[in-house]
Amino acid sequence: MFSTRSVRRNITAVMKRLSNPKSKACCGMLAIVARSEIIAPTPSGHIPMYVGEGRKRYDVPVEYLKFPKLRELMMQSQEDGFLDFKIDGPITLPCTTDTFDQFLNQAKTRSIKSEQ
């Protein structure tokens, strides 16, 4: 099992790479996905994620990575259960779109409350 410290360190590294406007990390993920399908560009400050069996695409704000539920889903999506800051390809989350929609609503509500 991996320590909480190492998981947090890797999540922090992912957040830094994706939130840096000069970073090519998000563009690299898009290029990999673009080889197999036509996709819309991801807005700045967002991460493309695919959810459910139908692989519905969501553009998730980077700030939502601070929520434990999303980090847990991302770790489950990795084969070894360890979130690597060098993710190759799109992030596909192992949950239903209904569950993910509920998470997004909760995350949006929490983000609004923290801004006030």
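In this text, all values refer to a predicted model and were calculated from it rather than measured experimentally.

Peer 1: In this structure, what is going on with the sheet that holds strand β2 (residues 56-61)? I would like to understand it.
Peer 2: The strands that make up a sheet are held in pairs by hydrogen bonds between backbone atoms, and each pair lies either parallel or antiparallel. Ordered by their spatial adjacency, three strands build an open sheet running β2-β1-β3, and the pairing between neighbours is mixed. On the outer flanks of this sheet lie β2 and β3 (91-93), each paired with one strand and no other. The average angle at which neighbouring strand axes cross in this sheet is 40°, direction not considered. With three bridges joining them, strand β1 (residues 46-51) and β3 adopt parallel strand pairing. Bridging across to β3, M49 finds its partner in I91. Strands in contact with helix α3 (residues 68-77) are β1, β2 and β3; relative to β3, the strand with the most contacts, it is inclined by about 105°. Packing of helix α4 (residues 97-115) onto the sheet brings it into contact with β1, β2 and β3, and relative to β2 it is tilted by some 15°.

Peer 1: How should the pairing of β1 be read in this particular structure?
Peer 2: It is a general feature of regular strands that their side chains alternate between the two faces of the sheet. Within β1, five of the six residues are buried, which leaves the element mostly enclosed by the surrounding structure. With antiparallel pairing between neighbouring strands as the criterion, β1 and β2 make up a hairpin whose turn holds four residues, including G52 at a positive phi of roughly 80°.

Peer 1: Is there a simple way to explain the packing of aromatic side chains in this structure?
Peer 2: How two aromatic rings sit relative to each other is set out by the distance from centre to centre and by the angle between their planes. Applying the stated criterion across every chain yields a total of five aromatic pairs. With a centroid separation of 4.8 Å and 70° between ring planes, the pair formed by Y58 and F100 is classed as edge-to-face. Of this pair, Y58 sits in strand β2 while F100 is found in helix α4, placing the two residues 42 residues apart along the sequence. Here Y58 falls in the buried class, since its relative accessible area comes to 9%. Residues F100 and F103 carry aromatic rings whose centres are separated by 5.7 Å and whose planes lie at 35° to one another, so their mutual orientation is tilted. Within this pair, F100 and its partner F103 are both found in helix α4, separated by three residues, close to a single helical turn. You'll find F100 and F103 in the same group, each marked buried. Through a chain of ring-to-ring contacts, three or more aromatic side chains come together here, namely Y58, Y64, F67, F100 and F103.

Reading the values: the criteria
- Residues numbered from 1 in each chain as written.
- Predicted model: local features only at pLDDT ≥ 70, side-chain atom pairs only at ≥ 80, totals over all residues.
- Heavy atoms only, no water.
- Pairing = 2+ DSSP bridges.
- Helix = DSSP H or I, 4+ residues; strand = E, 2+ residues; numbered from the N terminus.
- Axes fitted to C-alpha atoms, helices over the stretch in contact; angles between N-to-C directions.
- Contact = heavy atoms within 4.5 Å.
- Buried < 20%, exposed > 50% of the residue type's maximum accessible area, 1.4 Å probe, protein only.
- Phe/Tyr/Trp six-rings, centres within 6.5 Å; stacked < 30°, edge-to-face > 60°.

By themselves, these observations are geometric and do not establish any function.
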